Every structure is written in C-alpha cells, then in structure tokens.
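Listed below are the residues making up each chain.
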Amino acid sequence: MCNSTTMDSVHLEHHLNAIFKHAEDFTIETLQGPQCNILIAYFDTLADKKKLHRYVMEALMPVVAEQQNIAISSTLHFKIIQKVDNLQELLLTGSCLIQIEGEHPIYAVDVSIESPRTVEEPENEKVIQGSHEGFVEELRRNVYLIRKTLKTKDLVVKYMKIGDDVQSELCFIYMPQRAEQQVIEEMEQRILNATTSGLRSIGDLEQLIEDSPRSPFPQMLNTERVDRVIALLKQGKVIIFVEGSPACLIAPVHFNDFMRASDDYNSRWMSSMFISGLRWLSIIVAIFLPAFYIAVVAFHFEVLPDELVMPIKTSINEIPFPPLIEAFIMELTIELIREAGLRLPARIGATVSIVGGLVIGDAIVKAGLISTTMIIVVAITAIAAFCIPTHEMSETVRLLRFPFMLLAACLGFVGMSFGIILIWGHLCKLESFGSPYFMIITFEDVKKQVQAFLFGKADPSPRQTKWQRIQQQISAKGWNFLGRKKR
Amino acid sequence: MVVKKDNIHKNQIVYMVIQAQVGVGILSLPYNIAKYANQDSWISTLVAGVIMLLVILIMWLLCKSYPGMMMFDIFKQLTGNKLGKCLIIGYTIYFMLQSSYVLSKYGKIIEGWILERTPHWIVLSLMVLTSAYIVKDSLQSMIRFFMLVTPLLIVLIALSSYALRNANFLYILPVAQNGWMPIFKGSREAIFSMLGCDLVFFLYPYVRASHTQILKSVIRAHLMVTLLYTYLVFISLVYFMSPNDIKRVPEPFIYMIKSYSFRVIERMDLFFISIWIVSVATSFMYLLLLSAKGLAHLFAAPKHVTFLPVICLLTLITSLWLLDSDKLNVVNNYLTVCHYLFQAIIPALLLFISIVRKKTGDKREEQ
C-alpha cells in the first residue's frame, strides 16, 4: 500500500486505527507543540509507563518546544523503521511508534514491560545440590540465562517462526562443534514443514516434530533446569525454546537421559551410581510389580516359598474380586488421589491425602474388598513411579503398568515375557532424530570405563556423569594421579 | 550416532549369530545327545562345533567370491534363473518348515510346563505376532533387539550353574567307553541346535565389515555357543546320576532347576522358561526374516514386509497342525534331511560350481 517513506502521520493514524479497530487498549496520542504535532502510538497494556515517560516524552519535549528535528534521530533509543510490515509486530511486542507531522520517518522505541517473574527453581525438578536456576516464560531471558553460563563463541542461537496465523517464536540453540549437522538439518526441516494454526504449548511442538507419535515413550526431553540444559548442550544436543514456555525441548535423547537427575553430576560417584541403580530398579518395579503379583496369585502360586503361602492365602481368601480387578481398582484409586492432589491448592491437598491414604486404604481392607498384600504392592509401585526423575517418563511407566497387568492376568509369566519382548522390541525400533533411542550401554563404553579405571587411560566421552568425569580427570589433571601413592 | 537403517555393524555380528543359534533346542539338548552318546555327550557338542565350523567356512567362501550379492542372488547367478528360483523356493520352504517346528516345539513345552489348559493357538499366535512386530521394520532394529537380550543368556547360565552344587564329577567317567561312533551320532543331534550361522551369510551384503572380520566374528560367536552348549551339557551330565536318568527327562534343565529351593522364591524353572521364551523368539525371528526375504527375492519385491503376514499365517497353521496331530517327530526326521541338504550339501555344491567356473573363466582369459 505504502511504505515508510511515503506514509505521513495522518495516513499512519488511519492505517493503525484500521488494523487495531477493536483494541481499546491501543492508544494514539498527539503531542501538540507550537510548530509541529507529534504522533505517538502504543499499547497501553504492553507499555511501561515509566519507560514511556523517560524515553519518549522527555526526549520529545525539546523537539516540541524548540523544533530540534535533528536531535530526535540521534537519541539513543530511537530506531528508524524501514518497512511498514513490521509496524504491527513492533506494537504487539511493546514498542512505541513515533512520527513527527510533516515528516516521513517513523521511529520506534522499546518501552515494553519487564517480565515480573524472577528466575527461580523449577517446581517439578528439584535438586539438593547444584544450581537452583530455572527458565522463565520469556524467550530472550532464557537465552540470556544460557549465554550467561556458557560464555563461548561456539554457540549458535537461531530464531524461527512457526504457525500459520498466530505465529510463535522458536529459538534453536546448539554448539555446532559438538552437535551433529544431520540432526540439526532434520529438525529444522521438520519445523519448517509443520503446519499448525498456532502452538498451545511446547507439547504441541513436541508432537509435531517427534519421530513416532504412536509410541508411549517420550522422544524429546522436557526440562526447565538451566544446568541440565547446559550439560546437555555440551553433549551436543539441540535445544528448542518456545516463547511463552519455561520448558525447553531437547533432542536427540536416549532413554538414559530420562533417568538422570542433575544430582548425579554433583554427588560422589559411588553414591550417584547407587542412586541411579535404585532408579533403574524403581522403573522395573513400577512397571512389573503389580503384574508379577497378579501372575503369582492367579497362576503360579507355587513360586512362593512355604512360609509365604499362608500369609498371602489368608489375606486374599475372603476377597470377592479376582486379582486383576482388585489391582485395577487400587491402581486407579491411587491415580485419582494423585490427580486430585495435583490440581488442588496445597492445604486441601493434605485433606485429599488423608481421605485417600488413610480412610480408603484402611477401610477398604477392613471392608474385605481388597487384600492387604495388594495394598502393599500398589503402594510400593506408586512410590517407585515417583522415583523416576522426569515427569514424562514417569507418566509413561504408570501407563505401561496396565497392559502388563492384563497380560499377567491372562497368561501369567508367559504373558509378561511377551510383554517385555514387545516393549523391548519397540524401544529398539525407536529413534530420536536418527540416533537409536534405547542405547543404555554399549560394549565400547564398558571397555572404556574398565580401561580408565584400571589404567587411567581416559577418553572424554560426550555422555558423562560424575563417575565418567573422574575417569577423565585422571588424565586431565596433568599430574600423576594414580602414581602419587607410590611416590 | 546416526545409523543407516539396514546396515549391520561388525560388532553386531556376534550377537546375531549367538541369538540365532541359541533357541528352542537348548532345553532338551542334553537329552537328545545323551540318547546316543551317554556320558560322553559333552565331547559330542565339541565335535559338532568343529563340524559346524566347516559349514561356516563353506558358506563364507561362497559369499566371499560374490561380494555385494545376497545369497539368493548367488543362487540365480550360479545355477541360472530357473534353477535359482527353485532353490530360493526350496530355501524359503525349508526356513518356514524349520520355523513351524520351532514354534510347535515351543508350544509343546509351554503346554507341558506352564499353561496346561490354554489353547495352543493363543500361545503360538502371541509368539508369531510379537516376532512379526519386531521383524517387520528395519534390520537394524531387530539386531538391536538381539543385542539387548543377549545378557539374558548370562542369567540362564547362572541358573543352570547352580546345579553344580550337587554335582559329582565322577559321573562323566569313563570317557569314550563305547568308542567314537556313539559320540559322532550324538554330535549329529547337537548340530541341529547350532544352526543359525546362515543368518549372517544370507544378509552378507548388509554387513559393513571386511571378509576376514566377518569370518572372525562368526567363528567367535560360534565358539561361544559351542562352549556354552558344552558347559550346559556337562552340567546336566554331572548332575544326573547316570545317562539313564537323563534319558527319562526330555527337558533336563527344567527338572534340574525345579529342584532348587531359594528362601525367597521357589520354582525357578518358571523364570527359566520365561527367559527361554526370549531366546526362542529371537531364533524364530531370524527364521521369519529369512523366509520373508526369500519370498521377496522370488517376486523381486523391494521390501520383505509385504510377505510377512503370509509367512506368519502359514507357519502358524502348519505348527498348529503339527501340534494337534502330534507329528513333531515325523517332521523332525524330514527336517534332519533338509538340514544336511540346505546347510551343507547345496552350499558345498554351489561353492564347487563357482570354483570350477572361476577356473574355466581364468583359462579363457589366458587364452
């Protein structure tokens, strides 16, 4: 229609009013001076009043009074706009547009309100040791948080847009020396090809670009922790931020990455190995324990040693339901309690746990509906599921439990065997942006570890825990670490 | 770690061979061998290992002389289009027959030990469906699965080793009491449990390794399996009082493990069988894959997935029929002939043809 060089203030006012017809918080003011009028347009709700006063009004006062036209362009905060297409976007991100009557250039000043949220520790990923920084809802601030810690020229930050009418801004971050070029290209390609009428959350983006949407397993890691992201960046992963979401997506990931908490990097290797071993145990318990119990009770009672037969037999003797129904009732009750506790404010949450835990747990046994052993099994399972450090994996595990219970109730151990084969086969098929997903440990890794431990030869590997780091330090320390005792 | 979908890394060969070899036969191995070789069964497995080495060498030499070609292509190349196609059909039927035998044998043991009253078709179709699910995608995912389940063999070994507690090593004496003939007869039985090296040779062009590397890996894996079998047979020999005892129990391992009592858990045989199912599944998968590949080659189709449902259905029906009409032994007899024919005789003949052709070709060039 017209460009910045041809649009004067009257046109501009009409143009803007036409675009933001229904926006009542859109404000156009005219500063009237003896010589010239100045048009100021901004969003009332997006602009910081103090900034507006300081950067715009104060700077414009001399112009209005003394006609210092030259001064305006030399003021630091003012930018001359080149394209009219940008006007809308600038206004919506909290800029203020200025035009002096009778002149062509349009100036923009950023007067947006600073985000009120401060950097705090994410609620769902707490650690005992280590940094307590978490990301916020603002894209640039998140990039700042990364840049602040990772001061290197070797860090690529790339902005992209996704969405047809409502566009969301994305941000790609990776270290080109360590990330694989193929993965980056593949990821960009998928984002460019994705069509959406606007992202609702980061989960939407995840569903758009993940490899197998029909898999129950999460294929991209979702975290709000700054230290975790930085550790993963150094391992050559690619990070995606979406404006408005405090979480970021990380790919390509392996199954291991979901089982690792930030604490692992900070504690001593013995305890960290013990804890991560415990976590692996917890994932096994969380999936298989109820199924195993059902299989034993329904099919293979002979598995129990003689001393155990009587207690379990007496406990389940009077129960009216088959073990599968019993287990389903209890598992679903626990899920209900969890969901209810999640949505309620903390004070009422305590009530839920009392009602759910004490009243239902105790009464249901006394009423003779559910056996005590089943309650124990379900409780252990629930606690084990909470041990899994990432929320998505924990959800997956809780979901997988149900088909296994069904298989165990139909075919006993044989059914469970086939369930395991299916799940493992599925995990072997999964790929996260071209790299195998279920790579728990490779033969080379083991060899490297043993070599490092025995002979102090270490090769820096991209996937490191404290345990691996120590190995590396042996060679990195530069002095004879292993030989010092002999001296 | 970007991996191409159908390539096989050289480190994966060992796992492939081990998982293809160890399968349904492992449970009744000592019984089958001891029928002929008595207390010398452990020597029989060693002899069988050496014989299988020859088979491996023959197949390797054949594949080596035609690099970049599938085994099925080599058939066509060497024997002409028509005869080659017949050979492909023959191999496909052989693999399918073998897989239905594996399937029905597995069904029989499950019926005997865990699920007595469950209809056969449920147990069998579960196996077919899970295996087909894993085979249907890329080769790489199947081999990754093979790698993943290999550590389970350690559990099997550990469980069986527990029997050494009640072992009496005098039971294996006297060595070679009845001369060498029974040992050779026993080794014939052992060979059938060692089939599976052909997986690598039928997928030869996909393997990203030099010829010698492949041969080394296959032999290494084969050695491991031979030693594993020898060890297992040895354990059951020193556990059971006399060879006559073994001859009474068709699945000696399960009997052995059944008798242990741990304080926390009893009837370890149920866990043993559950893990054994995985081993059966891997060898069944390899047979499915090869027969599907065979059909795909026959019809020059790009993907083997298209033929997978047909093969699954045929195998399932055949094995159900075998189970219900109790014809397992009959089929086993037929299969024995097939094993000799398809694993040794035909490859050896082909190798002979290829050598003769090369020589005549060289002579022509000289002239």
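In this text the structure is predicted, and so the values were computed from the model without any measurement.

Rules of the game
Residues numbered from 1 in each chain as written. Chains lettered and ligands numbered in written order. Predicted model: local features only at pLDDT ≥ 70, side-chain atom pairs only at ≥ 80, totals over all residues. Heavy atoms only, no water. Helix = DSSP H or I, 4+ residues; strand = E, 2+ residues; numbered from the N terminus. Buried < 20%, exposed > 50% of the residue type's maximum accessible area, 1.4 Å probe, protein only. Contact = heavy atoms within 4.5 Å. Areas by Shrake-Rupley, 256 points an atom, 1.4 Å probe, with all protein chains shown as cover. Pairing = 2+ DSSP bridges. Salt bridge = Lys/Arg side-chain N within 4 Å of Asp/Glu carboxyl O. Polar contact = N/O pair within 3.5 Å; in protein donor to acceptor, adjacent residues only side chain to side chain. Nonpolar A, V, L, I, M, F, W, Y, C, P; charged D, E, K, R; others polar. Axes fitted to C-alpha atoms, helices over the stretch in contact; angles between N-to-C directions. Parallel < 35°, antiparallel > 145°, perpendicular 65-115°, else oblique.

Asker: Explanation requested: the overall build of chain B in the structure shown.
Answerer: When helices and strands are tallied, chain B shows 15 helices and two strands. When each of the 367 residues of chain B is scored for burial, the buried share is 57%. Taking all contacts inside chain B whose residues are at least 6 apart in sequence as the whole, residues at least 24 apart take part in 83%. Summed over its atoms, the accessible surface of chain B is roughly 15,700 Å², and 65% of this surface lies on carbon and sulfur atoms.

Asker: For this particular structure, what's the right way to read the pairing of strand 10 (residues 248–251) of chain A?
Answerer: The side chains of a regular strand alternate between both faces of the sheet. Residue and element names in this part refer to chain A. Residues of strand 10 alternate between two faces, with Cys248 and Ile250 on one and Leu249 and Ala251 on the opposite face, all of them buried. Both strand 8 (residues 221–223) and strand 10 contribute to a ladder of three bridges, which runs antiparallel. For Asn222, the partnering residue across the bridge sits in strand 10 and is Leu249. Relative to strand 10, strand 9 (residues 238–242) is paired through four bridges, and the arrangement is antiparallel. Bridge assignment links Ile239 to a residue of strand 10, and that residue is Ile250. The antiparallel pairing of strand 9 with strand 10 creates a hairpin that spans five residues between the two strands, and Gly244 there sits at a positive phi of about 95°.

Asker: Help me understand unusual backbone geometry, please; the structure alone is not making it clear to me.
Answerer: The phi angle of most residues is negative, glycine excepted, and most peptide bonds adopt the trans form. A:Ala251 connects to A:Pro252 through a cis peptide bond whose omega is -10°. Locating A:Pro252 in the fold gives a position in the loop between strand 10 and helix 9 (255–258). At B:Arg267, a residue that is not glycine, the phi angle is positive and equals roughly 50°. Secondary-structure assignment places B:Arg267 in the loop between helix 12 (252–258) and helix 13 (268–298). Backbone geometry places B:Ala300, a non-glycine residue, at a positive phi of 50°. Along the chain, B:Ala300 falls in the loop between helix 13 and helix 14 (308–325). Note on B:Ala300: relative accessible area 67%, which makes it exposed.

Asker: Mind showing me how you'd approach the interface of chain B and chain A here?
Answerer: Often the size quoted for an interface is simply the accessible area lost on bringing the parts together. Each partner contributes residues to the interface: chain B has 37 residues there, and chain A has 31 residues. Of the charged contacts, one joins A:Glu302 and B:Arg267 as a salt bridge, the two residues approaching to 3.6 Å between their closest N and O atoms. One can count six residue pairs in polar contact (both at pLDDT 80 or more) joining chain B with chain A. Listing elements by their share of the side of chain B that touches chain A, those giving two or more residues are helix 4 (71–113), helix 5 (120–135), helix 6 (139–149) and helix 13 of chain B. No other element matches helix 13 of chain B, which puts seven residues into the side of chain B that touches chain A. Classifying every residue of the side of chain B that touches chain A by side-chain character gives 25 nonpolar, five polar and seven charged.

Asker: Teacher, can you tell me more about the packing of helix 1 (residues 12–21) of chain B against helix 6 of chain B here?
Answerer: If you want to describe how two helices pack, look at the angle between their axes and the distance between the axes. All names here are of chain B. Packing of helix 1 against helix 6 brings their axes to within 9 Å, and their N-to-C directions diverge by 75°. For the element pair helix 1 / helix 6, the angle class is roughly perpendicular. Contacts between helix 1 and helix 6 pair Gln12, Tyr15, Met16 and Gln19 from the former with Gln140, Ile143, Phe146, Met147 and Val149 from the latter.

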